[in-house]
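Report on the structure
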Amino acid sequence: MTEGKRRRGLTAASALLGGVMVLSACSGSGDDTGSGGGGDKGASQAQVDEAAAKKTSEAQIKITPKDGSNDASINNSAAVAVTKGTLTEVTMTTTDGTVVEGEIAADKKSWKPSVQLERATAYKLTATAEDSKGRAAHENASFTTVSPANSFIGNFTPDDGSTVGVGMPVSINFDKAIANKAEVQKGITVSTSSGQEVACHWFNPNRMDCRPEDYWQENSTVTLKLALDGVEGAEGVYGVQQKTVNFKIGRNQVSVVDAETKQMKVTQDGKTVRTIPISAGSPENKTWEGQMVISEKFKETRMDGATVGFTDDDGKGEYDIKDVPHAMRLSNSGTFLHGNYWGAKSIFGSANTSHGCIGLADTQGADDPNTPGAWFYDNSIVGDVVVVKNTGDKTVAPDNGLNGWNMDWAQWKAGSAV
């Protein structure tokens, strides 16, 4: 081999060996001594990671609901909690920047909004906490509350804090048809300080009423609890209410209207306090019989016959009185007990002349407290019972107004879903 060829061969071998060494170093293979430089770098990175960990706060912040939720509760969402630290600042806003008021708990371990959230609204939450060494931790989340289309509410009566008569049922009208009646009913409880058993009855998918077997005990307190938040009322439709309502039962007033004698006997706590002459429905337009509950009171109101089917040939109402005094509703379909100033005084106690309502002598303007109409109005409250008998007509339907008392206890309980 010539000297030139030998040199070229050594050069090629050196290059090949160099390539192998380079590949070995990049792949991390080889013995400890051959990678001493890489070992030093690894140790430096570990030291950096350890130092960074020592600077990180131990505080752990949790926000409910999870970031990105799109069906959040309007009652229990936006809860912030921290462990291994204390909250220092929480800010909640809507997407348009409106601030939602809230409060950090006294122990600085939690936060919640001070107001109920709105449906179908996007919110953003940012929270800051510190651990025992003063190191800060941060967390944020965005979510959207459940929409009206995917939620339901129950509009209930009576109102919280009200005082009502012994006949007042708890009546709940849902804004969506309820398919899972049992699940919804389980989320609703009605109890009374008197200890009376209370049962609920579904009239239809949108309405459920609750009452005891007999009228509520006078001077008792009734509690309605709605625990419907997250309860699926129908497929994909969830409850949003979480509320407790208390109302008081007043004195026991029951008035009995006898269309035959044309008198109304008013009793309070079992004693007759007044007998009032009345004029009930005429033979052509009899008043329904049955137990009826006063659901609304109007010092003055308009009564147009056209709204309840009493029309002349021209389509206008057979009557249209714009200032009926002291009117109290007994049915949804238009039965009232009201003052009457347009009829002759002689009809009260002697003739039934109305289109189905029960009339009491009164004056125009509803400003004379001495008339029978004014007296009864002033001495009645929503929930009082008016029993109508001897009219010759059928009994009012239990779901026409708040008149479920016209269903016996066995029938009433049969309408429960649980």
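Look a little higher up for the structure.
In short, a report on the structure.

Turning to the overall build of the protein chain, a few remarks are in order. Broken down by element type, the protein chain carries five helices and 27 strands. Taking all 418 residues of the protein chain together, 42% fall into the buried category. Long-range pairs, those at least 24 residues apart, make up 64% of the contacts in the protein chain between residues at least 6 apart in sequence. Put simply, the protein chain shows about 21600 Å² of open surface, and 49% of that area lies on carbon and sulfur atoms.

The subject of this paragraph is the pattern of salt bridges. Taken as a whole and judged by the stated rule, the model has six salt bridges. Linking D384 and R251 is a salt bridge whose minimum nitrogen-to-oxygen distance equals 2.8 Å. Remark: R251 occurs in the loop between β18 (242-249) and β19 (253-258) and D384 occurs in the loop between α4 (372-378) and β27 (385-389); sequence separation between them is 133 residues. Judged by its relative accessible area of 1%, D384 is buried. One salt bridge connects E296 with R329, and the closest N-O pair in it is separated by 2.8 Å. Taken as a pair, E296 in strand β23 (residues 296-304) and R329 in strand β24 (residues 320-329) lie far apart in primary sequence, 33 residues in all.

Turning next to the state of the cysteines. Under the definition given, this model contains one disulfide. Between the sulfur atoms of C200 and its disulfide partner C210 the distance amounts to 2.1 Å. Looking along the S-S bond of the C200-C210 disulfide, the torsion reads about 100 degrees, which is the right-handed sense. Placement of the pair is C200 in strand β13 (residues 198-204) and C210 in strand β14 (residues 207-212), with a sequence separation of 10 residues. Assigned by exposure class, C200 and C210 land together as buried.

Attention now moves to the pairing of strand β11 (residues 170-174). By the criterion of burial, β11 is predominantly enclosed, with four of the five residues buried. Bridge analysis of strand β9 (residues 154-157) against β11 gives four bridges, and the strand direction is antiparallel. Counterpart to T157 in the pairing with β11 is S171. Taken together, the four bridges between β11 and β14 define a ladder with antiparallel strand orientation. Residue pairing across strands places S171 opposite D209, the latter belonging to β14.

Now for the side chain of Q241. Of note, Q241 is situated in the loop between β17 (237-239) and β18. Under the relative-accessibility criterion, Q241 is labelled buried at 13%. Within the structure, the side chain of Q241 is placed 2.6 Å from the backbone nitrogen of G154, a separation counted as a polar contact.

What follows concerns the nonpolar core. One finds I172, F174, V184, I188, V190, M208 and L224 to be the most contacted residues of the largest nonpolar core, which totals 33 residues. At the level of secondary structure, the elements contributing two or more residues to this core comprise β11, β12 (188-192), β13, β14, β15 (221-227), β18 and β27. Beyond its immediate sequence surroundings of up to four residues, I188 is in contact with I172, F174, M208, L224, K225, L226 and L228. Of all hydrophobic cores here, the second largest spans 23 residues; its members include A72, V80, V90 and Y123.

Now for the packing of aromatic side chains. In the structure shown here, the tally under the stated rule is six aromatic pairs. On the basis of an interplanar angle of 80 degrees and a centroid distance of 4.9 Å, the ring pair of Y215 and W405 is categorised as edge-to-face. Here Y215 is found in the loop between β14 and β15, whereas its partner W405 is found in the loop between β27 and α5 (409-414), with 190 residues between them in sequence. A relative accessible area of 22% means that Y215 is categorised as partly exposed. Three or more aromatic residues link up through ring pairs in this structure, and these residues are F152, F174 and W202. When the ring centre of W412 is taken as origin, the NZ or CZ atom of R211, which lies over that ring, is 4.4 Å away.

Turning our attention to the sheet that holds β15. Read from one edge of the open sheet, four strands run β10-β18-β15-β12, paired in mixed fashion. On the outer flanks of this sheet lie β10 (163-164) and β12, each paired with one strand and no other. With two bridges joining them, β10 and β18 adopt parallel strand pairing. Paired with T163 across the bridge in β18 is K248.

Judged by pairing direction, the sheet is antiparallel, and its four strands sit side by side in the order β9-β11-β14-β13 without closing on themselves. The open sheet is flanked by β9 and β13, the only strands paired with a single partner. Each strand axis lies, on average, 20 degrees off the axis of its neighbour in the sheet, ignoring direction. With six bridges joining them, β13 and β14 adopt antiparallel strand pairing. In the sheet register, A199 faces β14, and the bridge partner there is R211.

Right, let's get into the environment of G404. Here G404 lies in the loop between β27 and α5. Residue G404 is classed as buried on the basis of its relative accessible area of 5%. Along the primary structure G404 and P169 are separated by 235 residues, whereas in three dimensions their C-alpha atoms are 8.0 Å apart.

So, about unusual backbone geometry. A cis amide bond links T64 with the next residue in sequence, P65, at an omega value of 5 degrees. One can find P65 in the loop between β1 (60-64) and β2 (79-83). In this structure, P158 follows T157 across a cis peptide bond, with omega equal to 5 degrees. Of note, A78 is a non-glycine position whose phi angle comes to about 70 degrees, a positive value. In this structure, A78 sits in the loop between β1 and β2.

Conventions we followed
- Throughout this document, residue positions are counted from 1 along each chain, in the order its sequence is written.
- Local features in this predicted model are restricted to residues whose pLDDT is 70 or higher, and side-chain atom pairs enter the listing and the counts only when it is 80 or higher, whereas totals over whole chains, interfaces and linings include all residues.
- Values reported for side chains reflect all heavy atoms of the structure, with hydrogen atoms and water molecules removed beforehand.
- Put simply, DSSP H or I for four residues or longer makes a helix, DSSP E for two residues or longer makes a strand, and each gets a number counted from the N terminus.
- Each residue's exposure class comes from its accessible area (1.4 Å probe, protein chains only) as a fraction of the maximum for that residue type: buried when under 20%, exposed when over 50%, partly exposed otherwise.
- Two residues qualify as a contact provided that any one of their heavy atoms is within 4.5 Å of a heavy atom in the partner residue.
- In short, Shrake-Rupley with a 1.4 Å probe defines the accessible areas, and a residue's cover is counted only from the protein chains shown.
- By salt bridge we mean one thing: a side-chain nitrogen of Lys or Arg within 4 Å of a carboxyl oxygen of Asp or Glu.
- When two cysteine sulfur atoms are found within 2.5 Å, that pair is recorded as a disulfide.
- Two strands pair if DSSP finds at least two bridges between them.
- Pairs of N or O atoms are called polar contacts if they sit within 3.5 Å, as long as, within protein, a hydrogen donor faces a hydrogen acceptor (for residues adjacent in sequence, only side-chain-to-side-chain pairs).
- Residues belong to one nonpolar core when they are buried, are Ala, Val, Leu, Ile, Met, Phe, Trp, Tyr or Cys, and are joined through side-chain atoms within 4.5 Å.
- Stacked, tilted and edge-to-face are the three classes assigned to paired rings of Phe, Tyr and Trp, where Trp is represented by its six-membered ring and a pair needs centres within 6.5 Å; plane angles under 30 degrees give stacked, over 60 edge-to-face, the rest tilted.
- Should the NZ of a Lys or the CZ of an Arg lie within 6 Å of a ring centre and within 35 degrees of the ring normal, that charge is described as sitting over the ring.
- All axes are obtained by fitting lines to C-alpha atoms, using only the stretch in contact for helices, and the reported angles, taken between N-to-C directions, cover 0 to 180 degrees.

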